[in-house]
Amino acid sequence: MNIDTYKQEAARLRPRLLLIARRYTGSDEEGEDIVQDCLLKIWMMREDLSIPLDALAVTITRNLCIDHLRQQHLTSLPENQITGISDIKDCDEEPIERMMSIVHTLPDMQQTVLRLRHIEGREMAEIAQLTGSTETAVRKALSRARLAVKKQYSRRKNDD
């Protein structure tokens, strides 16, 4: 891939990647940093890549966001994500923190599928494409993740 093609692809992908990064991090500045890191990684691999780069760029961005969140040891969603989820801003934040701490204990695939489906509102086919798996595998991972969260949430609620 030559420089001009890379610039065109980067310009085309940047708004979508920023949206994804901002949803994960809850911050414009951190989102910008993550997208910049993603585009740098793609630049370093440009000779081995072919267009379109959408799936690769989204996957790299998602993974960088997850790494960033792990480094910060977040136990709750950023405020702007909480208000974007179906009017839960009036709720007590303790159940949300409990839920997110449970989600952070799930395997990577289950965390990713839950976030893409319930926070970003993605469709199963799109999640399958982004994760490089089948829709059936995504449905199973989502089902297992929901079940694990439900069990752990009930267990922790009963312990309190």
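Conventions used here
Throughout, a residue's number is its position along its own chain's written sequence, starting from 1. Where local features are concerned, this predicted model is filtered to residues with pLDDT of at least 70; where side-chain atom pairs are given and counted, the filter is 80 or more; whole-chain, interface and lining totals use all residues. Side-chain metrics in this entry use all non-hydrogen atoms of the structure; hydrogen atoms and water are not considered. Only DSSP runs of H or I covering at least 4 residues are called helices, and only runs of E covering at least 2 are called strands; the numbering of each starts at the N terminus. Think of it in three bands: residues with accessible area under 20% of the maximum for their type are buried, residues over 50% are exposed, and the middle band is partly exposed, with areas taken using a 1.4 Å probe on protein chains only. Residue contacts are counted whenever heavy atoms from the two residues lie within 4.5 Å of one another. In this analysis the local bend is the angle between axes fitted, respectively, to the seven residues ending at and the seven residues starting at the residue. Here the axes come from fitting lines to C-alpha atoms, over the contacting stretch only for helices, and the angles between their N-to-C directions go from 0 to 180 degrees. Geometric relationships in this document are graded by angle, where less than 35 degrees denotes roughly parallel, more than 145 denotes roughly antiparallel, 65 to 115 denotes roughly perpendicular, and other angles denote oblique. Two helices that cross are described as forming a left-handed crossing if the nearer one is turned anticlockwise from the farther one by less than a right angle, and a right-handed crossing if clockwise. Definition used for salt bridges: Asp or Glu carboxyl oxygen within 4 Å of a side-chain nitrogen of Lys or Arg. Across the chain, each position has a pLDDT score giving the predictor's confidence in that residue, from 0 to 100. The criterion for a disulfide is a pair of cysteine sulfur atoms lying within 2.5 Å.

**Student:** Lay out the side chain of Arg122 with the relevant residues and their values.
**Tutor:** Note that Arg122 resides in the loop between helix H6 (108-119) and helix H7 (124-131). For Arg122, a relative accessible area of 8% puts it in the buried group. Not counting chain neighbours up to four residues away, the residues in contact with Arg122 comprise Arg16, Ile20, Leu116, Arg117, Ile127 and Leu130.

**Student:** Hey, could you go over helix H1 (residues 3-25) for me, with residue numbers and the actual values?
**Tutor:** At Arg14, H1 is deflected by roughly 40 degrees, the largest bend along its length, and proline Pro15 occurs up to four residues later in sequence. Residues of H1 that are buried: Tyr6, Glu9, Ala10, Leu13, Leu17, Leu18, Ile20, Ala21, Tyr24 and Thr25. Where H1 terminates, the next one or two residues include Gly26, which has phi positive at roughly 80 degrees.

**Student:** Let's hear about the packing of H6 against H7: which residues, and what values?
**Tutor:** Two elements in contact, H6 and H7, have axes separated by 10 Å at closest approach and are oriented at 140 degrees. With respect to H7, the element H6 is oriented oblique. Every pair of crossing elements has a handedness; the one defined by H6 and H7 is right-handed. Facing H6, whose interface residues are Met109, Thr112, Val113, Leu116 and Arg117, H7 presents Met124, Ile127, Leu130 and Thr131.

**Student:** Explain the pattern of salt bridges to me, and be specific about the residues and the numbers.
**Tutor:** One side chain can pair with another of opposite charge once the charged atoms of both are near each other. Throughout the structure, instances matching the rule amount to ten salt bridges. Salt-bridge contacts for Glu32 lead to Arg22; the nearest nitrogen and oxygen are separated by 3.5 Å. Here Glu32 is found in helix H2 (residues 28-45), whereas its partner Arg22 is found in helix H1, with ten residues between them in sequence. Looking at Glu32, the relative accessible area reads 29%, which means it is partly exposed. Judged by relative accessible area, which is 30%, Arg22 ranks as partly exposed. Through salt bridges with shared partners, a single ionic network connects Glu9, Arg12, Arg16, Asp54, Arg122 and Glu126.

**Student:** How would you explain the confidence of the model for the protein chain if you had to name every residue and give the values?
**Tutor:** Within the protein chain, residue pLDDT values average 77, and 84% of them lie at 70 or more. Averaged over each element, pLDDT in the protein chain is lowest for helix H4 (residues 79-84) (44) and highest for H2 (86). Predicted confidence is poor over residues 74-92, with pLDDT under 50, and the contacts of this stretch with residues over four places away or in other chains come to 27 contacts.

**Student:** Which residues make up the state of the cysteines, and what values go with them?
**Tutor:** Counted according to the given criterion, the structure contains zero disulfides. Looking at the unpaired Cys38, the closest cysteine sulfur is the one in Cys65, lying at 9.1 Å. Classification of Cys38 as buried rests on a relative accessible area of 0%.

**Student:** An account of the environment of Leu49 is requested, with residue identities and associated values reported.
**Tutor:** Along the chain, Leu49 turns up in the loop between H2 and helix H3 (54-72). A sequence separation of 48 residues divides Leu49 from Met1, and the C-alpha atoms of the two residues are 6.8 Å apart. Apart from the residues within four sequence positions on either side, Leu49 is in contact with Met1, Ile42 and Leu56.

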